[in-house]
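Residues per chain are reported as follows:
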Amino acid sequence: MKYSEIKTMGQLEKAQEQVKAKIGNKGDDVRASFYDIKETYSPSHLMMSGLKSFSSYIPVDQLLLTTVRRLKRRLLK
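All right, on to the overall build of the protein then. Along the backbone of the protein there are three helices and zero strands. Its helices and strands taken in sequence order, the protein reads α-α-α from the N to the C terminus. With respect to the principal axes defined by its C-alpha atoms, the protein has extents near 80 × 30 × 15 Å. When each of the 77 residues of the protein is scored for burial, the buried share is 4%.

What follows covers a nonpolar patch on the surface. Nonpolar side chains collect at one region of the surface, where Phe54, Tyr57, Ile58 and Leu63 lie side by side and expose about 460 Å² of accessible area between them. Note that Ile58 resides in the loop between α2 (43-54) and α3 (60-76).

A full pass over the atoms with the stated rule returns one salt bridge. Taking the shortest distance from any N to any O, the salt bridge between Asp28 and Arg31 comes out at 2.9 Å. Of the two residues, Asp28 and Arg31 both sit in helix α1 (residues 9-40), three residues apart, roughly one turn of that helix. We classify Asp28 as partly exposed; its relative accessible area is 44%. Accessibility expressed as a relative area gives 47% for Arg31, which makes it partly exposed.

What follows deals with α3. The end-to-end C-alpha distance of α3, which contains 17 residues, comes to 24 Å, matching closely the 24 Å that a straight helix rising 1.5 Å per residue would cover. Burial analysis of α3 places just one of its 17 residues in the buried class, a small minority of the element.

Let's shift gears to the environment of Ala21. Position of Ala21 relative to the elements: it lies in helix α1. You can call Ala21 partly exposed: its relative accessible area is 41%. Sequence separation between Ala21 and Met9 is 12 residues; the distance between their C-alpha atoms is 18 Å.

Turning next to the environment of Thr40. Along the chain, the position of Thr40 falls in helix α1. Exposure remark for Thr40: the relative accessible area of 36% places this residue in the partly exposed category. For the pair Thr40 and Ala15, spaced 25 residues apart in the sequence, the C-alpha separation amounts to 38 Å. The residues contacting Thr40, other than those within four sequence positions of it, are His45 and Leu46. In terms of polar contacts, Thr40 uses its side chain to reach the backbone carbonyl oxygen of Asp36, at 2.8 Å.

Rules of the game
Residues numbered from 1 in each chain as written. Predicted model: local features only at pLDDT ≥ 70, side-chain atom pairs only at ≥ 80, totals over all residues. Heavy atoms only, no water. Helix = DSSP H or I, 4+ residues; strand = E, 2+ residues; numbered from the N terminus. Buried < 20%, exposed > 50% of the residue type's maximum accessible area, 1.4 Å probe, protein only. Patch = residues over 30% accessible without salt bridge, like charges linked within 9 Å, V, L, I, M, F, W, Y side chains within 5 Å. Areas by Shrake-Rupley, 256 points an atom, 1.4 Å probe, with all protein chains shown as cover. Salt bridge = Lys/Arg side-chain N within 4 Å of Asp/Glu carboxyl O. Expected span 1.5 Å × (residues − 1). Contact = heavy atoms within 4.5 Å. Polar contact = N/O pair within 3.5 Å; in protein donor to acceptor, adjacent residues only side chain to side chain.

So this is what it looks like as structure tokens:
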């Protein structure tokens, strides 16, 4: 609906409700986007991303797994 075509109070209220609904939907989109960005750039996620990119050269994941297994064996003795 074009705002220049609003002639009655009913049309005005309907247009206002449509605008409020659009604003509410945009707010939810922004909020979801913020939480996605916050999770993506968390320290733990950044560290894991760095390890994954680094592990293409050196098998860091295997080294860490071996280290954890050894620590676990020592703790269980």
